[in-house]
Amino acid sequence: MDRRLSNFELPRFSLTSLLICGGCDRPLQPSRATDGRRVYLFLCGCLRDVIDAELVERLVQDRVEAESTWLANPEPDGLGAVFKSLFAQVRVGGGVEELAYVWRI
């Protein structure tokens, strides 16, 4: 089964092209787990196989909200644009709790 997603499905993954493996600098790939959960794949195999998309997106949104008062309950489909305007990258270390933010601003 091909786990890659079509362009039609990508907007639900608000960190597409921003999540980068902290071990090798390769981008993480949006996908779905066998149980249907949204995940980001480490195609490189450096650190782990997948991270839960909902969790990492919530952590990044929490960070943005902590840094900015203008972001208040954005639409889920609008988060990608917000994240891309603020971050050049979000680097993932050994786990989802090890995020390093590369800010554009």
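Residues numbered from 1 in each chain as written. Predicted model: local features only at pLDDT ≥ 70, side-chain atom pairs only at ≥ 80, totals over all residues. Heavy atoms only, no water.

(A) Summary view of the sheet that holds strand β6 (residues 99–103). What the three strands build is an open sheet, ordered β1-β5-β6; its pairing is mixed. Strand pairing shows two members of the sheet lacking a second neighbour, β1 (19–21) and β6, which therefore form its edges. Ignoring which end each strand starts from, the neighbouring axes of this sheet average 30° apart. Bridge analysis of β1 against strand β5 (residues 87–92) gives three bridges, and the strand direction is parallel. Each residue of the ladder has a partner; that of Ile20, found in β5, is Arg91. (Pairing = 2+ DSSP bridges. Helix = DSSP H or I, 4+ residues; strand = E, 2+ residues; numbered from the N terminus. Axes fitted to C-alpha atoms, helices over the stretch in contact; angles between N-to-C directions.)

(B) Here's a closer look at the sheet that holds strand β3 (residues 38–41). In space, the three strands of this open sheet follow the order β2-β3-β4, with antiparallel pairing throughout. Both edges of this open sheet fall to β2 (29–32) and β4 (50–52), since each of them pairs with a single strand only. The average angle at which neighbouring strand axes cross in this sheet is 35°, direction not considered. Strand direction decides the pairing type here: β3 and β4, joined by three bridges, are antiparallel. Counted as the bridge partner of Val39 is Asp52 from β4. Relative to β3, helix α1 (residues 53–67) is tilted by about 85°, and along the sheet it contacts β3 and β4. (Contact = heavy atoms within 4.5 Å.)

(C) Looking closely at the pattern of salt bridges. Taken as a whole and judged by the stated rule, the model has six salt bridges. Ionic pairing is found between Asp25 and Arg91, a salt bridge with its closest N-O pair at 2.6 Å. Within this pair, whereas Asp25 is found in the loop between β1 and β2, its partner Arg91 is found in strand β5, the two being separated by 66 residues in sequence. A salt bridge links Asp62 to Arg58, with the shortest nitrogen-to-oxygen separation between them at 2.5 Å. (Salt bridge = Lys/Arg side-chain N within 4 Å of Asp/Glu carboxyl O.)

Without other data, these values stay purely geometric and don't point to any function.
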